[in-house]
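Descriptive structure summary
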Amino acid sequence: MNQKFTEKVQAWLAQDAEQRDYAEGALLLLQLTGNQIMYRNLMVNPKRRAEFIEYQLKKRLSFRLNQVTHEQVEAMQAEVDKIVVNRNLEVKQQQPANEFKAGKRADHDQLPDEIQALYVENLSIVQKMRELHLKLRSLSLENATCPDSERYPFLKELIALDKRLHSNWEQYDHYTGMGGEQRLTTDVREESKKAVRLINLAKGRYRKNPSEELKAQILANYAKVINPTEKLTNDLKELGIIK
C-alpha cells in the first residue's frame, strides 16, 4: 500500500472544506477506485458533489490506515457468512420476533430493568445486522468485483454487533439474582475502565488526524464510561467530539 499516496489523501481531507480543490479530490477518488464513469460524473461539477467526495475518501482512507489486507477481508467475510447462517439474517423480517419470543425468559418481567434492557437491545441489534447484511449483499450484486475497501466497513460492524449480541444473551440467560447482578456490575465497571483507556489512546490520534470513524469509536467508548471525569469530558469538548 502506497504510504505517500495515503498521506496525500490525508492532507487533502485535512484542508478546510472551503479551500479544497474538489477536482483534485475527484481525481484522488479515481485513483483509489478506478471508476472512470463515477469520475466523469463528478467532474461535471465537483464542488456540488463535495459531500460525496469527502465521504468516499474518508471511507477509503480509514481502510488504508487500518492497513487491512485482502486476506484479512476474506477472513472477515467468511466469519460474516457464518454469522448470517447462525443468526438467520436471510429469513423474512417477521420471523426474528418469533425467535425472540422463544428466547424470552419465563421470569422476564421480574428481572431488573438493566437485564430486561439487554433482551430489548438484542432485537434492535439483529434488525441492524439484517440491514447491514442487505446493504453488503446489494453492494456485491451491483459490483461483481466489489473492492475490499467497500466491504470492510460493513463486515467490521456486523462482526462487532454479533459480539455485542452474544454478550447480551450471555448476561440475560445467566442472570441468577444478586450474584449475577454483582457480576454484571463488575463487568460494567471493567468495561468502563477499558473504555477510558481506549479513549486516552485515541485522543492523540484524533488530534493529529481527525476522522469520522475515529470520532465514532471515541463516542462509543465514552458512552460506556461510568461517571466520566471533568477532565475527560473537557478534553473531548476541546477536540469537538462532544458539545
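The geometry of two aromatic rings is summed up by the distance between their centres and the angle between their planes. One pass over the full model with this rule turns up four aromatic pairs. Ring geometry for Y119 versus W169: centroids 6.0 Å apart, planes at 80°, classification edge-to-face. Within this pair, whereas Y119 is found in helix α7 (residues 113–142), its partner W169 is found in helix α8 (residues 148–174), the two being separated by 50 residues in sequence. The class for Y119 is buried, based on a relative accessible area of 11%. Counting every residue linked through ring pairs, the aromatic cluster contains Y119, W169 and Y172. Over the face of the ring belonging to Y172 we find R105, whose NZ or CZ atom lies 5.9 Å from the ring centre.

What follows covers the environment of V196. With respect to the secondary-structure elements, V196 resides in helix α9 (residues 178–208). Once the C-alpha coordinates of V196 and T229 are considered, the two residues, 33 residues apart in sequence, prove to be 9.8 Å apart. Residues in contact with V196, not counting those within four places in the same chain, are V225 and L232.

What follows concerns the environment of V188. With respect to the secondary-structure elements, V188 resides in helix α9. Looking at V188, the relative accessible area reads 33%, which means it is partly exposed. Separated by 37 residues in the primary sequence, V188 and V225 have C-alpha atoms spaced 8.8 Å apart.

Here we take up the packing of helix α4 (residues 50–65) against α8. Their axes nearest at 9 Å, the elements α4 and α8 cross at an angle of 80°. By the angle between their directions, the pair α4 and α8 is classed as roughly perpendicular. Contacts between α4 and α8 involve Q56, K59, R60 and F63 from the first element and D148, S149, E150, Y152 and P153 from the second.

Now for the side chain of N221. Within the element layout of this structure, N221 appears in helix α10 (residues 212–222). Residue classification places N221 among the buried positions, given a relative accessible area of 12%. Dropping the residues within four chain positions of it, N221 is found in contact with A195, L198 and I199.

We now examine the layout of surface pockets. Here the largest pocket is characterised by a volume of approximately 1900 Å³. Taken together, 45 residues form the lining of the largest pocket, with A160, A216, Q217, A220 and K224 sitting closest to its centre. Mapped onto the lining of the largest pocket, the elements with two or more residues apiece are α4, α7, α8, α9 and α10. Volume-wise, the second largest pocket comes out at about 510 Å³. Residue lining of the second largest pocket: 21 residues in total, with L65, N209, P210, S211 and L214 positioned closest to the centre. Of all the secondary-structure elements, those providing two or more residues to the lining of the second largest pocket are α1 (3–14), α4, α8, α9 and α10. Here the lining of the second largest pocket gets five residues from one element, more than from any other, and that element is α4.

Cut-offs applied
- Note that residues are indexed from 1 along each chain, following the sequence as it is written.
- The predicted origin of the model limits local features to residues at a pLDDT of at least 70 and limits the giving and counting of side-chain atom pairs to 80 or more, whereas totals for whole chains, interfaces and linings rest on all residues.
- Here the side-chain values reflect all heavy atoms present in the structure, with hydrogen atoms and water set aside.
- Centres within 6.5 Å make a pair out of two Phe, Tyr or Trp rings, where for Trp the six-membered ring is used; the pair is then stacked when the planes are under 30 degrees apart, edge-to-face when over 60, and tilted otherwise.
- In this description a helix means any DSSP run of H or I spanning at least four residues, a strand means any run of E spanning at least two, and both kinds are numbered starting from the N terminus.
- Burial classes: relative accessible area under 20% of the type maximum marks a residue as buried, over 50% as exposed, and values in between as partly exposed (1.4 Å probe, protein chains only).
- The criterion is that NZ of a Lys, or CZ of an Arg, lies within 6 Å of the ring centre and within 35 degrees of the ring normal, and then a charge sits over that ring.
- Every residue pair with non-hydrogen atoms within 4.5 Å of one another is taken to be in contact.
- For every element, the axis is a line fit to its C-alpha atoms; helices are fit only across the contacting stretch, and the angle between N-to-C directions ranges from 0 to 180 degrees.
- Roughly parallel here means an angle under 35 degrees, roughly antiparallel means over 145, roughly perpendicular means 65 to 115, and every remaining angle is called oblique.
- Site definitions follow a grid-based scheme: protein atoms alone, a 1 Å grid, a 1.4 Å probe that fits but cannot get out for cavities, and for pockets an open set with protein on both sides within 12 Å along at least five of seven lines, plus lining residues having an atom within 4 Å of a point.
- Grid points are joined across faces, edges and corners, and a volume is the space filled by probe spheres set on the points.

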